[in-house]
Amino acid sequence: MWTSYLFLAIAALLPVLATVIFHLLNKYTKFSKLPYWPKQIIYGVVFGGLAIVGTHWSIKFNGYGANARDAAVIIGGLIFGGPAGVIAGTIGGLERMIVGLIPSFGLGFTVIACSVSTFLAGVVSALIRHFVFDDKRPGIIASLFIGFVIEVFHLLMVFVTNAAQYEKA
């Protein structure tokens, strides 16, 4: 049981570690000289991969998982830019759709809500960064609030798409 909590904690902290690593790469290496779009693709793929880790390193409660998938996607969009958030959300959402369609994973009940919500987390975080923060990084408090709102939306989507089975949702 404790190993599940450990994996979830690591999955939640990996996007933070990746953020620090990318900051150091931008500050001390030639990575900073890369053009905008290649960097956005790199950020998007890395944070999309971390969203996949966040999906699979979850804690099971009564047969359902609590995960850190959206954390990577939101950080990608808010901290590194719109394209990175959309790419990360697409990767995380598609992977969630794929594993949701494989019965042996046991993740089918929330497949639509989680796939769409993960994609939308990337799009919304990208739009917020662009329109609210003028393509600048938001502060810690604003980022936490945005993450909270996106997660509430995600859980609301689970409920709405499974309203016929509201007790299970």
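Okay, so let's go over this structure. (Residues numbered from 1 in each chain as written. Predicted model: local features only at pLDDT ≥ 70, side-chain atom pairs only at ≥ 80, totals over all residues. Heavy atoms only, no water.)

**Some words on unusual backbone geometry**
And step 1. Look at D134: it is not a glycine, yet its phi comes out positive at around 50 degrees.
And step 2. Inspection of the secondary structure assignment puts D134 in the loop between α5 (111–132) and α6 (140–161). (Helix = DSSP H or I, 4+ residues; strand = E, 2+ residues; numbered from the N terminus.)

**Thoughts on the environment of Y43**
And step 1. Looking at where Y43 falls in the secondary structure, it is placed in helix α2 (residues 36–56).
And step 2. Judged by its relative accessible area of 4%, Y43 is buried.
And step 3. Here the alpha-carbon distance between Y43 and E151, two residues 108 residues apart in the chain, equals 21 Å.
And step 4. Residues contacting Y43, with those up to four places away along its chain left out, are F22, N26, F31, F80 and A84. (Buried < 20%, exposed > 50% of the residue type's maximum accessible area, 1.4 Å probe, protein only. Contact = heavy atoms within 4.5 Å.)

**A look at the packing of helix α1 (residues 2–28) against α2**
Each packed pair of helices is defined by two parameters, the angle between the axes and the distance between the axes.
And step 1. Where α1 contacts α2, the two axes come as close as 9 Å, and the packing angle between them is 160 degrees. With respect to their mutual orientation, α1 and α2 come out roughly antiparallel. α2 is crossed by α1, and the crossing has right-handed handedness. Together, A11, L14, P15, A18, T19, F22 and N26 of α1 and K39, I42, Y43, V46, F47, L50, V53 and G54 of α2 make up the contact between the two elements.
And step 2. Considered class by class, the residues forming the contact of α1 with α2 number eleven nonpolar, three polar and one charged. (Axes fitted to C-alpha atoms, helices over the stretch in contact; angles between N-to-C directions. Parallel < 35°, antiparallel > 145°, perpendicular 65-115°, else oblique. Left-handed = near helix turned anticlockwise from the far one by under 90°. Nonpolar A, V, L, I, M, F, W, Y, C, P; charged D, E, K, R; others polar.)

**Things to note about the side chain of T118**
And step 1. With respect to the helices, strands and loops of the structure, T118 is situated in helix α5.
And step 2. Here R69 takes part through its side chain, which lies 2.8 Å from a polar atom of the side chain of T118. (Polar contact = N/O pair within 3.5 Å; in protein donor to acceptor, adjacent residues only side chain to side chain.)

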